[in-house]
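Coordinates in review
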Amino acid sequence: MNTFARTLVLAGLGLFAASAPAFAHAHLKSANPPINGTASSPSELDLMFSEGLNLKFTGVKLMGPDKAAVTTGDATLGSSGDTTLVVPVTGTLAAGTYMVAWHALSTDGHKTTGTYKFTVKP
Ligand SMILES: [Cu+2]
């Protein structure tokens, strides 16, 4: 293996090593209503993350079946710990599929974002 090829391989390994800690960031593990699940109109959205959350920089946008934004209450951390985000839903959600776009800042200082859907049954 010549020096150039060896450098490329080492650089590749370095990239892999650098990206591995990404798994320690706040990833969404589960939610209620469940991810891709069906439920009655919820009184709140619960998002369970893999890491502790910095509430100030963590939140969700809820979009309704008509793609319009649905107003939600102020998010809080769950009573069981700082890995759960609780978002109050003020009104009754009409039947249809909703999208939750979340952003999180974990206590280790890393940002993550994602989306998921759930369906409110008639
Ligand atoms: Cu992290």
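Reading guide: rules and limits
- Residues numbered from 1 in each chain as written.
- Predicted model: local features only at pLDDT ≥ 70, side-chain atom pairs only at ≥ 80, totals over all residues.
- Heavy atoms only, no water.
- Helix = DSSP H or I, 4+ residues; strand = E, 2+ residues; numbered from the N terminus.
- Buried < 20%, exposed > 50% of the residue type's maximum accessible area, 1.4 Å probe, protein only.
- Contact = heavy atoms within 4.5 Å.
- Areas by Shrake-Rupley, 256 points an atom, 1.4 Å probe, with all protein chains shown as cover.
- Pairing = 2+ DSSP bridges.
- Phe/Tyr/Trp six-rings, centres within 6.5 Å; stacked < 30°, edge-to-face > 60°.

1. Things to note about the overall build of the protein chain
Regarding its fold elements, the protein chain presents one helix and nine strands. Going from the N terminus to the C terminus, the protein chain shows its helices and strands as α-β-β-β-β-β-β-β-β-β. Here the protein chain holds 122 residues, and the buried ones make up 31% of them. In the protein chain, the proportion of contacts linking residues at least 24 apart, taken out of those at least 6 apart, comes to 61%. Split by element, the accessible area of the protein chain, about 7400 Å² in all, is 60% carbon and sulfur.

2. With respect to the side chain of Thr84
The topology assignment puts Thr84 in strand S7 (residues 84-88). Note on Thr84: relative accessible area 10%, which makes it buried.

3. Looking at the pairing of strand S8 (residues 96-105)
Here strand S4 (residues 59-63) pairs with S8 via five bridges, running antiparallel. Bridge pairing in S8 places Gly59 opposite His103. Pairing geometry for S8 and strand S9 (residues 111-120), over ten bridges, is antiparallel. Residue pairing for S9: Ala104 is matched across the bridge by Thr112. Adjacent in sequence and paired antiparallel, S8 and S9 are bridged by five residues, among which Gly109 carries a positive phi angle near 90°.

4. Description of the packing of aromatic side chains
The geometry of an aromatic ring pair is captured by the separation of the ring centres together with the interplanar angle, meaning the angle of the planes. Inspection of the entire model under this criterion finds two aromatic pairs. Ring plane angle 75° and centroid distance 5.0 Å describe the contact between Phe49 and Trp102, whose orientation is recorded as edge-to-face. Here the residue Phe49 occupies a position in strand S3 (residues 44-49), and Trp102 occupies one in strand S8, the gap between them amounting to 53 residues. When sorted by exposure, Phe49 lands in the same class as Trp102, which is buried. A centroid spacing of 5.6 Å and a plane angle of 10° characterise the contact between Tyr98 and Phe118, whose relative ring orientation is stacked. In this pair, Tyr98 sits in strand S8 while Phe118 sits in strand S9, placing the two residues 20 residues apart along the sequence.

5. With respect to the environment of Ala39
Structurally, Ala39 can be placed in strand S2 (residues 38-39). When its relative accessible area of 16% is taken as the criterion, Ala39 is described as buried. Counting along the chain gives 82 residues from Ala39 to Lys121, while the straight-line C-alpha distance between them is 5.9 Å.

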